[in-house]
Amino acid sequence: MTDARLLDAVGALINTHARPGHVPLIGIAGAQGSGKTTLARAAAAHWGAAHLSLDDVYLTKAEREAKGRAVHPLFAVRGPPGTHDLTLLEASVAALRAAGADSRTALPAFDKLSDDRRPEAQWPMFAGRPSAVLIDGWCLGATAQAEADLTAPINALERERDGQGVWRRAVNEALAGPYADLFARFDAVLFLKAPTFTAVLDWRCEQEAGLLGLAPVDLPPERRAELAVFIQAFERITRHMLTGGVRADLTFDLARDRTISPPASVHS
């Protein structure tokens, strides 16, 4: 169940930025498995808003593979800045903001198990005009790093597959450019701050088990090992965000069990 304080916080951000003719754009950021998507869905249902996830607008598998060949092989892996179709996201937001009471707006959708975007015929529809547009994403509001911070690899993935730093510099360039431009157009961002990066693997494994219809303890050990490698692609920016590299209007500190820690702790 979503904490009522989080729902109220999203509602307060919507109300603060609502004005005639303007549909607020609110971001909900947090590491993988932090509960950001659950919160966004619950808040959208509670406040009559539309919900999109940054995960819904990944580049297609073919597009990422092409970028992997052209720039760096790691761009074939979905997730980091540079692997999203920001034009599609902004077009979807614009369509929702232009919607009327009788409109039906198609929302992009991505199938993580097949690692590809769903066909448009399978995209969900939002009916009517939303009170706000809520977008959740793990790197929403993240700031780019200084060049000096990119020199040394921080994990095995970077050491073994990005020894020259080509990939991480390209990711950082995307974050400093088109992603920063996108984030600047948000009315507000709420950040669910993980206690440590080590909590993220457990959260991501729980998420994967749910996708497979399994209890977390039943997730195969080999899949957990694969996910431990997968999240290394997110580690640099996640750690940067946890140490202040994020622009957020509200930050809620989470305990390892995702409760707000300490209770009612919130700072802007």
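Above this note sits the structure.
Bear in mind that the values here come from a model prediction, so they are computed numbers and not experimental data. (Residues numbered from 1 in each chain as written. Predicted model: local features only at pLDDT ≥ 70, side-chain atom pairs only at ≥ 80, totals over all residues. Heavy atoms only, no water.)

**A word on the nonpolar core**
For the record, the criterion: In this description, a nonpolar core means a group of buried Ala, Val, Leu, Ile, Met, Phe, Trp, Tyr and Cys residues linked to one another through side-chain atoms lying within 4.5 Å. A simple rule labels every residue: compare its accessible area, found with a 1.4 Å probe on the protein chains alone, to the largest value its type can have, and call it buried under 20%, exposed over 50%, or partly exposed in between. Every helix listed is a DSSP run of H or I at least four residues long, and every strand listed is a run of E at least two residues long, numbered separately from the N terminus. Two residues form a contact once any of their heavy atoms are found within 4.5 Å.
In terms of nonpolar packing, the biggest core is built from 76 residues, with L134, I135 and L190 touching the most fellow members. Sorting elements by how many residues they give to this core places helix α6 (residues 166-184) first, with 7 residues. Here L190 is in contact with A9, V10, L13, G27, I28, A29, L39, L250 and F252, once residues within four sequence places are set aside.

**A short note on the pattern of salt bridges**
Selection criterion: Salt bridges are defined by distance alone: a side-chain nitrogen of Lys or Arg within 4 Å of a carboxyl oxygen of Asp or Glu.
For the structure on display, the rule yields 19 salt bridges. We note a salt bridge from D115 to R64, for which the minimum N-O separation is 3.2 Å. You can see D115 sitting in the loop between β4 (110-111) and β5 (116-117) and its partner R64 sitting in helix α3 (residues 61-70), a full 51 residues away along the chain. When sorted by exposure, D115 lands in the same class as R64, which is buried. D85 is the salt-bridge partner of R117, the closest N and O atoms lying 3.6 Å from each other. Taken together, the residues R117 in strand β5 and D85 in the loop between α3 and α4 (86-97) connect sequence positions 32 residues apart. One exposure class covers both R117 and D85, and it is buried. Because the salt bridges share partners, they merge into one network encompassing E158, D162, R168 and R236.

**Observations regarding the pairing of strand β8 (residues 188-193)**
Let me state the cut-off plainly: In this analysis, strands are considered paired if DSSP registers two or more bridges between them.
Of all the 6 residues making up β8, 5 are buried; the element is thus mostly covered by neighbouring parts of the structure. In terms of strand pairing, strand β1 (residues 25-30) meets β8 through 5 bridges, oriented parallel. For G30, the partnering residue across the bridge sits in β8 and is L192. The sheet contact formed by β8 and strand β9 (residues 250-253) spans 4 bridges and is parallel. In the strand pairing of β9, L190 is matched with L250.

**Some words on the packing of helix α1 (residues 4-17) against helix α2 (residues 36-47)**
Quick reminder of the rule: Here the axes come from fitting lines to C-alpha atoms, over the contacting stretch only for helices, and the angles between their N-to-C directions go from 0 to 180 degrees. What sets the label is the angle itself: under 35 degrees gives roughly parallel, over 145 gives roughly antiparallel, 65 to 115 gives roughly perpendicular, and the rest give oblique. Two helices that cross are described as forming a left-handed crossing if the nearer one is turned anticlockwise from the farther one by less than a right angle, and a right-handed crossing if clockwise.
Where α1 meets α2, the closest approach of the two axes is 10 Å, and the angle between their N-to-C directions is 60 degrees. As far as their axial angle goes, α2 and α1 are oblique. Crossing of α1 against α2: the hand is right-handed. Facing α1, whose interface residues are L6, L7, D8, V10, G11 and I14, α2 presents L39, A42, A43 and W47.

**Concerning the packing of helix α8 (residues 221-230) against helix α9 (residues 232-242)**
Put simply, the rule reads: In this count, Pro and Cys sit with the nonpolar residues alongside Ala, Val, Leu, Ile, Met, Phe, Trp and Tyr, while Asp, Glu, Lys and Arg are called charged and the others, Gly among them, polar.
Where α8 contacts α9, the axes come no closer than 5 Å and their chain directions differ by 45 degrees. Considering their axes alone, α8 and α9 lie oblique with respect to each other. For the pair α8 and α9, the contacting residues are A228, V229 and F230 in the first and Q232, A233 and F234 in the second. Tallied by class, residues from the contact of α8 with α9 come to 5 nonpolar, 1 polar and no charged.

**A closer look at the packing of aromatic side chains**
This is how it is decided: Ring pairs are drawn from Phe, Tyr and Trp, using the six-membered ring of Trp, whenever the two centres fall within 6.5 Å, and their geometry is named by plane angle: stacked under 30 degrees, edge-to-face over 60, tilted for the rest.
On inspection of all chains with the given rule, the structure shows 5 aromatic pairs. Where W138 meets F234, the ring centres are 4.9 Å apart and the plane angle is 75 degrees; that geometry is what we call edge-to-face. Placement of W138 in the loop between β7 (133-137) and α5 (156-161) and of F234 in helix α9 is noted, with a sequence separation of 96 residues between them. Comparing W138 with F234, the two get one shared label, buried. Their ring planes at 70 degrees and their centres at 6.3 Å tell us that Y179 and F183 sit as a pair that is edge-to-face.

**So, the side chain of E208**
Within the element layout of this structure, E208 appears in helix α7 (residues 198-211). Setting aside residues no more than four positions away along its own chain, E208 makes contact with L219, R223 and L227.

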